[in-house]
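A structural walkthrough
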Amino acid sequence: MIVILKNGITKEEKDKVASTLKGYGFIVKEIVGENDTVLGAVGSSHVDPRIIELLPGVSSVVPISKPYKLASRELKKDDTIVKVGRVSIGGNRVCVMAGPCAVESYDQIMAIAEKVREAGAVMLRGGAFKPRTSPYSFQGLGEEGLKYLQAAGKAFDMPIVTEVVSPLDVEMMIQYIDMFQIGARNMQNFELLKAVGKTGMPVLLKRGMSATIEEWLMAAEYLMSSGTDKVVLCERGIRTYERATRNTLDVSAVPVVRKLSHLPIIGDPSHATGIRDMVSPMSLSLIAAGASGIEVEVHNNPEKACSDGPQSLYPQQFEKLMRDIEALCPVIGKTLEKTPRIIPESIKEASVDLSSPLEGRETVVAFQGERGAFSELATRRFFNEDVKVLACHFFKDAFDAIASGKANFGVIPVENALGGAVYDPLDLIKTHSELKVVGETEIRVVHNLIGFPGTDIKDIKKVYSHPQAIAQCKEFLEREMPWAEAIPFFDTAGAVGFVKNNGDKSIAAIAGSPAALYHGMEILRQGIETNPSNYTRFYVLTREENAEEFIKGRKKEKASFLFNVSDEPGALMKVLEILYQRGLNMQKLESRPIPGKPWEYTFYVDALIPASIDFDETCKEIAASSVGFRLLGVYENGIL
Ligand code: PEP
Ligand code: MN
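Residues take numbers from 1 onward in each chain, read along the sequence in its written order. Chain letters and ligand numbers both follow the written order, the letters beginning at A and the numbers at 1. Where local features are concerned, this predicted model is filtered to residues with pLDDT of at least 70; where side-chain atom pairs are given and counted, the filter is 80 or more; whole-chain, interface and lining totals use all residues. The basis for the side-chain values is all heavy atoms of the structure; hydrogens and waters are excluded.

Moving on, we get to the overall build of the protein. Strands are runs of DSSP state E lasting at least two residues, helices are runs of H or I lasting at least four, and both sets are numbered from the N terminus onward. Scanning the protein from N- to C-terminus turns up 22 helices and 30 strands. For the protein, whose C-alpha radius of gyration is 27 Å, the value lies close to the compact-globule estimate of 26 Å for 640 residues. Viewed in the frame of its principal axes, the protein has a C-alpha envelope of about 80 × 65 × 55 Å. Only protein chains enter the calculation, and the probe is 1.4 Å; a residue is then buried if its accessible area is under 20% of its type maximum, exposed if over 50%, and partly exposed in between. Counting across all 640 residues of the protein, residues that qualify as buried make up 55%. Here, two residues are considered to be in contact whenever any of their heavy atoms come within 4.5 Å of each other. For the protein, the proportion of contacts with a sequence separation of at least 24, taken over those separated by at least 6, is 73%. For the radius of gyration, the atoms used are the C-alpha atoms, and the globule rule reads 2.2 Å times the number of residues raised to 0.38.

Next up, the structure:
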């Protein structure tokens, strides 16, 4: 059952509710959501729910209808993000795990690890215990193989995932690995599930060869009830009458599982198809269907592989697949999980502002807008789902928060693919010379009609949103609900909050899906924007003293700078000539009036830096040919 707690419950009251439930023999899990905190109570015990409902601090008690409880979406509404080392799996992230079917030798795993890492994989796979159909096939290197895998994971900074086949190996494996894999053949090996679950470690749970989705989720329940919350499901094809492929990839399992469970689901296109050439198209289909990643087999010399050579990708094929995945992600509102961003301790410490209520030593990122805004989505894309955010009403407040140390970073929009430049941030960057651009990111802007759960759009009379969002959804509003009045609001996510607080079911808002989730409202219509190619680009800003540390070790592919020019013929041309001569590919040129100097302008440039040039020299040249040159920052290209 789900025990929903009152907002003002005291710690003593909560402890009392939990101990009462445990006293009845339940396993109790506390789940803190955006809007409320619940206790999940599962087990074979029975108690009259009214007894629990009467305890102080309890708001209500709701039964869980599904046989799997801890794994069910009924218990936990938000997506679970499973952390394996510094890699996050789940939600809108796409995490790629790659490596050979089996660890065959030290040199083999080292060589493949390097290749998959270079191409963009963030986790390394490789079997040391191979559950083979034939007892005469290669069975894996056992503990020796785990040592090699661990060494490769450490050398290339990738957490490792590997299959466990026996409860007797669990203790031994813990010292080497980051994530257990339960193979398809062992999905219902309940003793193994219990032994692995008890470790509390992350687990990748493959779907059994002929398991229904419910049986699969029940296997996850075994893991969770034994002690781990960190379960990632993996669709790897099921047995059907079709023999053209090794198994039949059940892509529809992805949206089904996402509806039924909060656990992340990824796909394994290698074992699903058994054929190398089918792996890339199936990978893309899994991701397009909503999978939070893939586990894929790659081998340097598949012809000589000890197992599963015919389905293993060549490294070049894997590189191509990674590029395709990277191109697909923004289209479907996902982010490719990349080298996890480590926030240096020095930056965290530098931001401790004693006058601020925020705790020190935490990464705090400021953005403009209300909670659930598109800027928050961009923030979580660039950093992490669980980064601490500071929602600021105005752009000025967000800039001040970064400058004063209330926030370590800011994620600020600078242009929209349809609407063009966002001017306020450009003007503020100019006045905040203590800030640097240290990164960029983009998101696809998908607008939704959001209202109270169960509302029929025929009953909606007024729609609130930011004027730009209303304009971008004009066709939908005119076609589907011409009777409704569109009312401008200062912020999209704020409009959802306004509708919710207002309580009137005849009003709705247009905003991004995180705003609906944050406010517990319903998406009545999805993707209502006229033009689906609607992207917004953001700068990631930090204070100058933190910039070097943050970009250390990252690629310096792009630069942003500003300058003014003297009032003479060809002044701008002179600067552009330098860019041309040095081979800088200009991505954007924007001009803004200089306050107090009518008809004079500051130019803002974003450009790709060729690897071959000395960019410091180029900056000096531009500075000499212009007035007031300032390098805003050099950073990794975040745009395709
Ligand atoms: C594997 O991933 O190595 C494997 C054996 O997969 P499955 O259990 O899905 O067959
Ligand atoms: Mn295999």
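Now that the structure has been shown, the text picks up again.
To continue, consider the confidence of the model for the protein. Reading fine detail from the predicted coordinates is not recommended where pLDDT is low. In this model, the protein carries a mean pLDDT of 93, and residues with pLDDT of at least 70 account for 96%. In this model, residues 350-360 is a region of pLDDT below 50 whose contacts with residues beyond four sequence positions or in other chains number 15 contacts. As a per-residue measure, pLDDT tells how confident the predictor is, with possible values from 0 to 100.

Looking at helix 10 (residues 276-288), one finds that the buried residues are Arg276, Val279, Ser280, Ser283, Leu286 and Ile287. Next to the buried residues of helix 10 lie strand 7 (93-99), helix 8 (253-260), strand 13 (265-267), helix 9 (269-273), strand 14 (293-297) and helix 11 (315-331). Looking at the residues trailing helix 10, positive phi occurs at Gly290, about 115°.

Any two of the Phe, Tyr and Trp rings considered here, Trp counted by its six-membered ring, make a pair once their centres fall within 6.5 Å; the pair's planes then place it as stacked at under 30 degrees, edge-to-face at over 60, or tilted in between. Evaluation of the coordinates by the stated rule reveals 15 aromatic pairs. Considering the side-chain rings of Tyr106 and Tyr148, the 5.8 Å spacing of their centres and the 80° angle between planes classify their relative orientation as edge-to-face. One end of the pair, Tyr106, is in helix 3 (residues 106-119); the other, Tyr148, is in helix 4 (residues 143-155), with 42 residues separating them in the sequence. Considering the side-chain rings of Phe382 and Phe550, the 6.4 Å spacing of their centres and the 35° angle between planes classify their relative orientation as tilted. Within this pair, whereas Phe382 is found in helix 13 (residues 374-382), its partner Phe550 is found in helix 20 (residues 544-551), the two being separated by 168 residues in sequence.

Each residue is tested against the molecule or strand, and it is near if at least one of its non-hydrogen atoms lies within 4 Å. By nearness alone, every residue bordering ligand 1 is listed as Arg125, Lys130, Glu163, Gln181, Gly183, Ala184, Arg185, Lys206, Arg236, His271 and Glu295. Between N or O atoms, a polar contact is any pair within 3.5 Å; within protein, one atom must be a potential hydrogen donor and the other a potential acceptor, and residues adjacent in sequence are included only when both atoms are from side chains. Here an oxygen atom of ligand 1 sits 2.8 Å away from a polar atom, N or O, in the side chain of Gln181. Here ligand 1 loses 97% of its free accessible area of 290 Å² to cover by the protein chains. What sets the accessible areas is the Shrake-Rupley method with a 1.4 Å probe; for residues, cover comes only from the shown protein chains.

Among the secondary structure elements, Thr455 is positioned in the loop between strand 21 (448-451) and strand 22 (462-465). Taking relative accessible area as the criterion, Thr455 reaches 14% and is therefore assigned buried. At 2.5 Å, the side chain of Thr455 forms a polar contact with the backbone oxygen of Phe452. Aside from chain neighbours lying at most four places away, what touches Thr455 is Ile460, Lys505 and Leu524.

So, about the sheet that holds strand 1 (residues 2-5). Hydrogen bonds between backbone groups are what pair the strands of a sheet, and the pairing can be parallel or antiparallel. Pairing is antiparallel across the open sheet formed by four strands, whose spatial order is 2-3-1-4. Pairing within the sheet leaves two strands with one partner each, and these edge strands are strand 2 (27-32) and strand 4 (58-62). Sheet twist, expressed as the average angle between the axes of neighbouring strands with direction ignored, equals 20°. Here strand 1 runs beside strand 3 (residues 37-42); their pairing, made up of three bridges, is antiparallel. Bridged to Ile4 within strand 3 is Val38. Most of the contacts of helix 1 (residues 11-23) go to strand 3, to which it runs at about 10°, and overall it touches strand 1, strand 2, strand 3 and strand 4. By the convention used here, strands pair only if DSSP detects at least 2 bridges between them. Where helices are involved, their axes are fitted lines through C-alpha atoms of the stretch in contact, as for all axes, and angles between N-to-C directions lie from 0 to 180°.

Let's shift gears to the nonpolar core. The biggest cluster of nonpolar side chains holds 78 residues, and the ones touching the most others in it are Leu205 and Phe318. With seven residues, helix 7 (residues 213-226) is the largest single contributor of residues to this core. For Leu205, the residues in contact, after removing those within four places along its chain, are Ile182, Met187, Leu193, Trp216, Ala219, Ala220, Leu223, Val231, Val232, Leu233 and Cys234. Among the buried residues, those of types Ala, Val, Leu, Ile, Met, Phe, Trp, Tyr and Cys that are joined through side-chain atoms within 4.5 Å form a nonpolar core.

The next point concerns the pattern of salt bridges. Salt bridges are defined by distance alone: a side-chain nitrogen of Lys or Arg within 4 Å of a carboxyl oxygen of Asp or Glu. Counted by the stated rule, this structure contains 37 salt bridges. Across the salt bridge formed by Lys558 and Glu440, the nearest N and O atoms sit 2.8 Å from each other. Of this pair, Lys558 sits in strand 27 (residues 558-564) while Glu440 sits in strand 20 (residues 435-444); the two residues are 118 residues apart in sequence, bridging distant segments of the chain. Connected through salt bridges with shared partners, the residues Glu415, Glu440, Arg537, Lys558, Lys588, Glu590 and Asp606 form a single ionic network.

With distances of 2.0 to 2.4 Å, the protein atoms coordinating the manganese ion (ligand 2) are Cys101 (SG), His271 (NE2), Glu297 (OE) and Asp308 (OD). In this listing, donors mean N, O and S atoms no farther than 2.8 Å from the metal, or 3.2 Å for Na, K and Ca; water is missing from the atoms, so a site can look incomplete. Mapped onto the sequence, the donors of the manganese ion (ligand 2) take the spacing C-x169-H-x25-E-x10-D. You can see Cys101 sitting in the loop between strand 7 and helix 3 and its partner Glu297 sitting in strand 14, a full 196 residues away along the chain.

Before going further, it helps to spend a moment on the environment of Val540. Following the sequence through the fold, Val540 ends up in strand 26 (residues 535-543). With relative accessibility at 0%, the residue Val540 sits in the buried group. Between the alpha carbons of Val540 and Thr379 there is a distance of 8.6 Å; along the sequence they are 161 residues apart. Setting aside anything within four residues of it in sequence, one finds Val540 in contact with Phe382, Phe383, Phe409, Gly410, Val411, Lys436, Val437, Val438, Gly439 and Glu440.

Here Tyr222 shows up in helix 7. Residue classification places Tyr222 among the partly exposed positions, given a relative accessible area of 30%. Sequence separation of Tyr222 and Glu326 is 104 residues, and the distance between their C-alpha atoms is 35 Å. Setting aside anything within four residues of it in sequence, one finds Tyr222 in contact with Phe190, Leu193 and Lys194.

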